Amino acid sequence: MLSGTDSGNTPDGTDHGSGSGDEGFRAELSATERELGRTFDPGRRGVIIPVVMLLLASCLLLPWVGSASGWEILVGRSDETLDVGLLPRLFALNAAIAGLVLSALALVTRRWAMAFLAAFGCTVVTFEGMIAIWSRQTVPEAGPSVGLLIAVVAMLVLMVQWLKIAWSRS
């Protein structure tokens, strides 16, 4: 007489042999492993990044160039006598895209691809912001105001946080 363990069954009657159930379990495990490989866990950066994003959004209410606030520069409604120029406008638009939209998408989806995109975008926009400050310091009209300076620092912090997340993949 054969015991339950000789036929691939355990004493409780469940089959743990090399049947089709085992292949299905391995396929499901492999799919789960691939899915986990595509996502990241931001850890404490998951709190820092939204706070900095809120600071960046708040900077749009502060003056950036002379008396023109960030949102006025973003939508192109600043005073014409200030002669804001292209660089602060470009920084305002790209900071909204990379600092707010891409960062939010990366945090919500937790995908590595979005984290790399947010890291790259925030890096480029940080340098745009530094050039925007420089461009305002070299004109006789209104120079950079507190909102523009804080926005560049916020983008710098976002850049560092996203680069740390992106580098943690390797």
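This is a predicted model, so every value here is computed, not measured.

Peer 1: Mind showing me how you'd approach the overall build of the chain here?
Peer 2: Tallying secondary structure elements over the chain gives 6 helices and 2 strands in all. The N-to-C order of helical and strand elements in the chain reads α-α-β-β-α-α-α-α. Burial status across the chain gives 35% buried among its 170 residues. Counting only contacts in the chain whose residues sit at least 6 apart along the sequence, the fraction spanning at least 24 positions is 69%. For the chain, the exposed area adds up to about 10000 Å²; of that, 65% sits on carbon and sulfur atoms.

Peer 1: Even after reading the chapter, I still don't get the packing of aromatic side chains, so can you show me in this structure?
Peer 2: For any pair of aromatic rings, the description rests on two quantities: the centre-to-centre distance and the angle between the ring planes. Counting across every chain of the model gives 2 aromatic pairs. Seen in terms of ring centroids, Trp64 and Phe91 are 5.6 Å apart; in terms of plane orientation they differ by 35 degrees. Their pairing is tilted. Of this pair, Trp64 sits in strand E1 (residues 63-65) while Phe91 sits in helix H4 (residues 86-109), placing them 27 residues apart in sequence. Relative accessible area serves as the criterion here: at 0%, Phe91 is assigned to the buried category.

Peer 1: What should I look at first to understand the confidence of the model for the chain in this one?
Peer 2: Looking at the chain, the pLDDT average stands at 84 and 81% of residues meet or exceed 70. Contacts of residues 1-8 to residues separated by more than four positions or lying in other chains number 7 contacts, the stretch itself having pLDDT below 50.

Peer 1: How should the side chain of Thr126 be read in this particular structure?
Peer 2: Within the fold, Thr126 resides in helix H5 (residues 112-137). For Thr126, a relative accessible area of 1% translates into the label buried. From its side chain, Thr126 meets the backbone oxygen of Cys122 in a polar contact 2.6 Å long. A distance of 3.2 Å separates a polar side-chain atom of Thr126 from the backbone oxygen of Met155. Setting aside chain neighbours within four positions, we find Thr126 in contact with Val152, Met155, Leu156 and Met159.

The rules behind these values
- Residues numbered from 1 in each chain as written.
- Predicted model: local features only at pLDDT ≥ 70, side-chain atom pairs only at ≥ 80, totals over all residues.
- Heavy atoms only, no water.
- Helix = DSSP H or I, 4+ residues; strand = E, 2+ residues; numbered from the N terminus.
- Buried < 20%, exposed > 50% of the residue type's maximum accessible area, 1.4 Å probe, protein only.
- Contact = heavy atoms within 4.5 Å.
- Areas by Shrake-Rupley, 256 points an atom, 1.4 Å probe, with all protein chains shown as cover.
- Phe/Tyr/Trp six-rings, centres within 6.5 Å; stacked < 30°, edge-to-face > 60°.
- pLDDT = per-residue confidence, 0-100.
- Polar contact = N/O pair within 3.5 Å; in protein donor to acceptor, adjacent residues only side chain to side chain.

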